[in-house]
Amino acid sequence: MTSHPMLSVCDLGKSFRGLRAVNAVTFDVPKGAIVGLIGPNGAGKTTTFNLIAGAFPPSDGKVTLDGHDVTGLGQAEICRAGVGRTFQIVKPFAGLSVEENVMVGGLRYDDGDVETARARANDILRLLELGDKARQPAQALTLPDRKRLEVARALATRPKLLLLDEVMAGLRPVECDRMVAILQGLNKETGLTILLIEHVMRAVMALSDHVVVLHHGEKIAEGTPAEVTSHPKVLECYLGEEHE
Ligand SMILES: Nc1ncnc2c1ncn2[C@@H]1O[C@H](COP(=O)(O)OP(=O)(O)OP(=O)(O)O)[C@@H](O)[C@H]1O
Ligand SMILES: [Mg+2]
């Protein structure tokens, strides 16, 4: 019986030369859950992801993954420990095919065996509804396809926790709903735990069991989607500023 959450961040903080980008942020992501991380531009969401994923060490606080303290570990170690991530700016390897883009992430796990990596990459591409585009050059993909390729690349590292940074951004509602359905399927069928940063509220509301709200680097609210959207501090930070 393991009762610890998949991810715990505790009093997490990051300063960039005097700018407090993340300040004393504490929250848990339970195993198998989908948790949303929202907040206005510059709230510290991507910085929080970078701290969890080991892009740089926190100035303060602790990150615990599946019961293990991973604070201060580098990106490769945290990836190996089970954290996969997408980037806010999608950046596939332009010279490679869709399939090769996914294989690159998986090769290390398939003992360098190219055919095993290829087969696995194609399994993942089918999950992301990109199976018929495997041999196309990555740069030929449309934005919705590139967004799904980004998720496929993150899955190739075999994460137990998937961090998604604005994978719905720029998608039309129909493509957004498609991504929501795919992510729900992944979560239900594989038990994958997901922490997602998202500005597209219909997606956050549809997907999240629990939502954490950041503003100016601090957690100002958390709860169910319904709780946070009616929380006075959340309404103020989204609506209030433009009336100040
Ligand atoms: N590497 C960095 N060096 C210096 N400042 C940074 C760095 N990364 C982020 N910041 C600053 O930290 C603050 C939080 O940025 P962050 O990217 O985490 O916000 P965000 O919530 O992801 O915003 P958005 O919704 O616009 O993506 C901003 O003021 C940003 O300019
Ligand atoms: Mg961001």
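Residues numbered from 1 in each chain as written. Chains lettered and ligands numbered in written order. Predicted model: local features only at pLDDT ≥ 70, side-chain atom pairs only at ≥ 80, totals over all residues. Heavy atoms only, no water.

> I'm lost on the sheet that holds strand E1 (residues 7–16) in this one. Help?
Two strands in a sheet stick together by hydrogen bonds in their backbones, pointing the same way (parallel) or opposite ways (antiparallel). Taken together, the four strands give an open sheet; going across it, the order is E2-E1-E4-E5, and neighbouring strands pair in antiparallel fashion. Looking at the sheet topology across the chains shown, the edges are occupied by strand E2 (19–29) and strand E5 (68–69). With seven bridges joining them, E1 and E2 adopt antiparallel strand pairing. Bridging from a neighbouring strand, Leu12 pairs with Val25 of E2. Here helix H1 (residues 45–53) sits on the sheet and contacts E1, E2 and strand E4 (60–65); the angle it forms with E1, its principal contact strand, is near 115°. (Pairing = 2+ DSSP bridges. Helix = DSSP H or I, 4+ residues; strand = E, 2+ residues; numbered from the N terminus. Contact = heavy atoms within 4.5 Å. Axes fitted to C-alpha atoms, helices over the stretch in contact; angles between N-to-C directions.)

> What is the right way to read the packing of helix H3 (residues 98–106) against helix H4 (residues 114–127) from this model?
Helix packing for two helices is described by the angle between their axes and how far apart those axes are. Where H3 meets H4, the axes come as close as 8 Å, and the angle between the chain directions of the two elements is 110°. Regarding the angle of H3 to H4, the classification is roughly perpendicular. The element H3 and its partner H4 pack so that their crossing is right-handed. For the pair H3 and H4, contact is made by Val98, Glu99, Val102 and Met103 and by Val114, Ala117, Arg118, Ala121, Asn122, Ile124 and Leu125, respectively. (Parallel < 35°, antiparallel > 145°, perpendicular 65-115°, else oblique. Left-handed = near helix turned anticlockwise from the far one by under 90°.)

> Even after reading the chapter, I still don't get the packing of aromatic side chains, so can you show me in this structure?
Two aromatic rings, taken as a pair, are described by how far apart their centres are and by the angle between their planes. Inspection of every chain in the model, using the stated rule, returns one aromatic pair. Judged by centre distance (5.5 Å) and plane angle (90°), the rings of Phe16 and Phe56 are edge-to-face. Of this pair, Phe16 sits in strand E1 while Phe56 is found in the loop between H1 and E4, placing the two residues 40 residues apart along the sequence. A relative accessible area of 23% means that Phe56 is categorised as partly exposed. (Phe/Tyr/Trp six-rings, centres within 6.5 Å; stacked < 30°, edge-to-face > 60°. Buried < 20%, exposed > 50% of the residue type's maximum accessible area, 1.4 Å probe, protein only.)

> Can you help me understand the sheet that holds strand E8 (residues 193–197) in this one?
With respect to topology, six strands assemble into an open sheet ordered E6-E7-E8-E3-E9-E10, the strand pairing being mixed. What marks the edges here is a single partner per strand, and that holds for strand E6 (83–85) and strand E10 (218–223). Across the sheet, the axes of successive neighbouring strands diverge by a mean angle of 20°, strand direction being ignored. Here four bridges tie strand E3 (residues 34–38) to strand E9 (residues 210–215), and the two strands are oriented parallel to one another. Bridge pairing links Ile38 to Val213 in E9. Strand contacts of helix H9 (residues 232–239): E3, E9 and E10, with the helix running at about 125° to E10, the strand carrying the most contacts.

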